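What the coordinates show
As a plain string of letters, each chain reads:
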Amino acid sequence: MQTVAVLSLKGGVGKTTVVLGLASAALRRGARTLVVDLDPQCNATATLDPEDTETTLADVLESPRLPVVKSAIAASAWGEGVDILVGSEETEELNHPNPGARRLGNLSRALQEVNKYIEEGELPYELVLLDCPPSLGRLTRSALVAAGGALLVTEPTLYAVSGAQRAFDAIAETREQYNPELTTLGVVVNRVRPRSYEHQFRIQELREHFGSLVLPVALPDRLAVQQAQGACMPIHQWGTPGAREVALAFNLVLARVLRSGRRARHEFAWPESDGDEAADV
């Protein structure tokens, strides 16, 4: 099970759109996916349109026991293949800036409970997508502690580099303090207009700053994205020319994320004894 935190510390860049696009690409690929909606706005939950659940992520973060986790997961309206750990506005009350190590680990413990489903053959998730809020409190930090990799989302605007850098610094801090396995999978640039000189200039600026971390494929700015989300449908099923263009871009981003995740796990596994010794110091 590969767990990916999708984050931005600047609001309005389309972070949830990226989560949903990756889930749609994974559905097309046949990779069973769990979306975890950590954003108190609950846009991912609204678009995936699950049935009501007995508990939500807010309950899971306070009590990451198997029965609580199980009752907070629901099938999405997208069909078999994409489930959601349902979000709640109540998570905003839990988003403390300095929650302490144990509380930061509760999401990770909850996902370990999800692993028990996999062992029993009940919920064979191949991909877990953590949709983070645009702030660096308990919710985003919990996602970085639980994730194996982090995908940064930005737009080609004036403040793109500074916003991505703050998220990059948060990943480095979490890696050092809590999660040595955490890797940066890349920076995806969203809502790009290819004919815009300003957008091309900002993308080049990002590449000069972050190098190969900036994904070679950018996500085009198309109305079909909002249309598909409004209809609670995967972008791959929307069927317009704009939707097909965006869907192809998400296929490429997902392939990059999955390749990076496999490589990162291999690289971390190689010095296993050193890591264990360091953890005991």
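These remarks concern the structure in this document. Bear in mind that the values here come from a model prediction, so they are computed numbers and not experimental data.

On a plain count of helices and strands, the protein comes out with twelve helices and seven strands. Taking 19 Å as the expected radius of gyration for a compact globule of 281 residues, we find that the protein reaches 18 Å, a close match to that expectation. With respect to the principal axes defined by its C-alpha atoms, the protein has extents near 50 × 45 × 35 Å. Evaluated residue by residue, the protein yields a buried proportion of 54% over its 281 residues. Counting only contacts in the protein whose residues sit at least 6 apart along the sequence, the fraction spanning at least 24 positions is 78%. As presented, the protein carries roughly 13000 Å² of accessible surface, and 49% of it is formed by carbon and sulfur atoms. Measuring between centres, the 27 positive side-chain charges of the protein sit 7 Å from its 36 negative side-chain charges.

The next point concerns the sheet that holds strand S3 (residues 73-75). The strand order across the open sheet built from seven strands is S3-S4-S2-S5-S1-S6-S7, with neighbouring strands paired in mixed fashion. Of all strands in the sheet, those bounded by a partner on one side alone are S3 and strand S7 (183-189). Across the sheet, the axes of successive neighbouring strands diverge by a mean angle of 25 degrees, strand direction being ignored. Looking at chain direction, strand S1 (residues 2-7) and strand S6 (residues 149-154) are connected through four bridges and run parallel. By the bridge assignment for S6, Ala5 is matched with Ala150. Packed on one face of the sheet, helix H1 (residues 15-29) meets S1, strand S2 (33-37), strand S4 (82-85), strand S5 (127-131), S6 and S7 and runs near 165 degrees to S5. On the sheet, helix H8 (residues 160-177) packs against S1, S6 and S7 and is oriented at approximately 165 degrees with respect to S6.

Turning our eyes to something else, we now look at the pairing of S1. Counting buried positions along S1 gives six out of six residues, so the element sits mostly inside the fold. Burial along S1 is two-sided: Gln2, Val4 and Val6 and Thr3, Ala5 and Leu7, pointing in opposite directions, are all buried. Of the strand pairs in this sheet, S1 and S5 are connected by five bridges, and their pairing is parallel. The partner of Thr3 across the bridge, within S5, is Val128.

Here we take up the nonpolar core. One finds Val36, Leu107 and Leu130 to be the most contacted residues of the largest nonpolar core, which totals 46 residues. Here this core takes six residues from H8, the largest share from any one element.

Attention now goes to the pattern of salt bridges. Taken as a whole and assessed by the stated rule, the structure comprises eleven salt bridges. The partner of Glu62 in a salt bridge is Arg138, with the nearest N and O atoms 3.1 Å apart. Here Glu62 is found in helix H3 (residues 57-62), whereas its partner Arg138 is found in helix H7 (residues 138-146), with 76 residues between them in sequence. Here Arg138 falls in the buried class, since its relative accessible area comes to 0%. Because the salt bridges share partners, they merge into one network encompassing Lys15, Asp39 and Asp131.

Here we take up the packing of H7 against H8. As a packed pair, H7 and H8 sit with axes 10 Å apart at the nearest point and diverge in direction by 55 degrees. It follows from the interaxial angle that H7 and H8 lie oblique. The two elements H7 and H8 cross, and the hand of that crossing is right-handed. Contacts between H7 and H8 involve Arg141, Leu144 and Val145 from the former and Ala170, Ile171, Glu173 and Thr174 from the latter. For the contact of H7 with H8, a count of residues per class yields four nonpolar, one polar and two charged.

Basis of the calculations
- Residues numbered from 1 in each chain as written.
- Predicted model: local features only at pLDDT ≥ 70, side-chain atom pairs only at ≥ 80, totals over all residues.
- Heavy atoms only, no water.
- Helix = DSSP H or I, 4+ residues; strand = E, 2+ residues; numbered from the N terminus.
- Rg over C-alpha atoms; globule rule 2.2 N^0.38 Å.
- Buried < 20%, exposed > 50% of the residue type's maximum accessible area, 1.4 Å probe, protein only.
- Contact = heavy atoms within 4.5 Å.
- Areas by Shrake-Rupley, 256 points an atom, 1.4 Å probe, with all protein chains shown as cover.
- Lys, Arg positive; Asp, Glu negative; His and termini not counted.
- Charge placed at Lys NZ, Arg CZ, Asp CG, Glu CD.
- Pairing = 2+ DSSP bridges.
- Axes fitted to C-alpha atoms, helices over the stretch in contact; angles between N-to-C directions.
- Core = buried A, V, L, I, M, F, W, Y, C linked by side-chain atoms within 4.5 Å.
- Salt bridge = Lys/Arg side-chain N within 4 Å of Asp/Glu carboxyl O.
- Parallel < 35°, antiparallel > 145°, perpendicular 65-115°, else oblique.
- Left-handed = near helix turned anticlockwise from the far one by under 90°.
- Nonpolar A, V, L, I, M, F, W, Y, C, P; charged D, E, K, R; others polar.

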